[in-house]
Each structure stands twice: as structure tokens, then as C-alpha cells.
Amino acid sequence: MKISFYVLSESKAQDFLGFICQLTQTALNKSNQSLLILTQDKTLLSTLDEALWTQDETSFIPHQCLATLTNAIPDDNATKANNKMSAPVLLGSYMPADFNGIVLNTTLHPVNDFMAVTSNAKPTRVLELIKPDTTSVQEGRHKYKHYKQLGYELTHFKV
């Protein structure tokens, strides 16, 4: 699995929604895989849901919200929920069973924590966003070490 870290500048962090929409559109343009935006923040989910519909004045990014968000990593029952994934972009707090696309992770947890409670999930690529605040940088370092120990191919970009 390939993991790309996007270390955001202060200006990109201030336009976090805009950057997520831009990165989502870029990922969709470069791949025919579905994309899951993982978030455990209800406010971010709501504003991102709206932002993806109005991303560009002449277009939108088709997406679907998965089940209701919780503040914890979901249990196995939530991952078995019957979600019909019809949009190229999914928004949610868990990884659906058998998911094998790209994950844009906005949570503080490594993607493997979500894979551990999901049946047959095998993402092909993970996009990690690191904001320029202390907590995000610290958690980003933790994720980097975790992924490195697992032998994943790691890259990082300063944006």
C-alpha cells in the first residue's frame, strides 16, 4: 500500500475544505478507483458534504455519506451495515467491508485501525493530511512510524 503525507502550509490549513475538495478531484481524475474520506468530526462531515456539491460553479463531486458518525472507531457491526456504494466518493467514520480504493484520512488514527474492524478492506492508497498544529504534527509522526514499521511505501509533500 502506498501512503502519501500532505504536510499543509498555514494557508492550505486555513482552507482545509478547499484543499480536501481539490485533492479529491485530483485523485478521481488520476484513478478510476473510489475514494473514501474518513472523518470522525461531525462538523467536518457536514461542511464537506456541502462543499463537495458546490466545489466548482459548473460541477460537483458526486458523493455519498455513510452511516451516522460516532466519536470512536466503529465496532464490527457498523462495518457490516448494508451500504450501497453508488458514488465515486464516500464520506464516513468507518471503512466499508471489502473497500479497495483510495482513503483520504482526516482522523488522528492510522488507517490500519479502521481496517482491523472491517471485513476484507484493502485500500490501495492512503492520503494523510497533516495540519501545521502541534497535535496534527505529533499524530502525523506517529502514523509515519506506524506505516514504516508495516513496510508501506511512504512519500510526503509540502503543500
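Placed above this text is the structure.
One numbering rule holds for all chains: residues counted from 1, following each sequence as written. Whole-chain, interface and lining totals are the exception, using all residues; otherwise, since this is a predicted model, local features are given only for residues with pLDDT of at least 70 and side-chain atom pairs are given and counted only at 80 or more. Note that the side-chain values use all heavy atoms of the structure and ignore hydrogens as well as water.

Okay, the packing of helix 2 (residues 16-30) against helix 3 (residues 42-53) next. The description of two helices packed together rests on the angle between their axes and the distance between the axes. The convention used is that axes are lines fitted to C-alpha atoms, helices contributing only their stretch in contact, and that angles between N-to-C directions extend from 0 to 180 degrees. By definition, any uninterrupted DSSP run of H or I lasting at least four residues is a helix, any uninterrupted run of E lasting at least two residues is a strand, and each is numbered from the N terminus. Axis separation between helix 2 and helix 3 bottoms out at 10 Å; the angle between their running directions is 55 degrees. Taken together, the axes of helix 2 and helix 3 are oblique relative to one another. Regarding helix 2 and helix 3, the two cross each other, and that crossing is right-handed. For the pair helix 2 and helix 3, the contacting residues are Phe16, Leu17, Ile20 and Cys21 in the first and Leu44, Thr47, Leu48, Ala51 and Leu52 in the second. By residue class, the composition of the contact of helix 2 with helix 3 is eight nonpolar, one polar and no charged. When describing relative orientation, an angle under 35 degrees is termed roughly parallel and one over 145 degrees roughly antiparallel, while 65 to 115 degrees is termed roughly perpendicular and anything else oblique. Crossing chirality is assigned from the near helix's rotation relative to the far helix, an anticlockwise turn below a right angle marking it left-handed and a clockwise turn marking it right-handed. What makes two residues a contact is simply this: any of their non-hydrogen atoms within 4.5 Å. Think of it as three bins: nonpolar holds Ala, Val, Leu, Ile, Met, Phe, Trp, Tyr, Cys and Pro, charged holds Asp, Glu, Lys and Arg, and polar takes everything else, Gly as well.

Bringing helix 2 into the picture now. Look at helix 2: 21 Å from first C-alpha to last across 15 residues, which is about the 21 Å you get at 1.5 Å a residue. Only protein chains enter the accessibility calculation, which uses a 1.4 Å probe. A residue is then buried if its area is under 20% of the maximum for its type, exposed if over 50%, and partly exposed in between. Looking only at helix 2, the buried set comprises Phe16, Phe19, Ile20, Cys21, Leu23, Thr24, Ala27 and Leu28. What a helix is expected to span follows from its residue count: subtract one and scale by 1.5 Å.

So, on to helix 6 (residues 134-149). The end-to-end C-alpha separation of helix 6 is 23 Å, in line with the 22 Å expected for 16 residues at 1.5 Å each. Residues of helix 6 that are buried include every one of Ser136, Gly140, Lys143 and Tyr147, and no others. Taken end-on, helix 6 shows its buried residues confined to a sector of 65 degrees, consistent with a single buried face. Of the residues in helix 6, the exposed ones pointing more than 90 degrees away from the buried face are Thr134, Gln138, Arg141, Lys145, Lys148 and Gln149. Looking at the packing, one finds that the buried side of helix 6 touches strand 1 (2-7), strand 5 (102-105), helix 5 (111-115), strand 6 (125-130) and strand 7 (153-158). Side-chain atoms alone can form a polar contact between residues adjacent in sequence; in general such a contact is a pair of N or O atoms within 3.5 Å, and within protein one must be able to donate a hydrogen while the other accepts it. Between the side-chain oxygen at the start of helix 6 and the backbone nitrogen of Thr135 there is a gap of 3.2 Å, and the oxygen is on Asp133. Just past helix 6, the residue Gly151 takes up positive phi, approximately 85 degrees. The directions from the helix axis to the C-beta atoms are what the arc is built from.

Another aspect to go through is the layout of surface pockets. Put plainly, a pocket is an open set of points on a 1 Å grid over the protein atoms alone with protein on both sides within 12 Å along at least five of seven lines, a cavity is a set where a 1.4 Å probe fits but cannot get out, and a lining residue has an atom within 4 Å of a point. Grid points are joined across faces, edges and corners, and a volume is the space filled by probe spheres set on the points. There is about 300 Å³ of room inside the largest pocket. In this structure, the largest pocket is lined by 17 residues; those nearest its centre are Phe16, Thr106, Thr107, Leu108 and Lys131. Elements supplying a minimum of two residues to the lining of the largest pocket: strand 6 and helix 6. No other element matches helix 6, which puts five residues into the lining of the largest pocket. Here the lining of the largest pocket is built from residues that sort into five nonpolar, seven polar and five charged.

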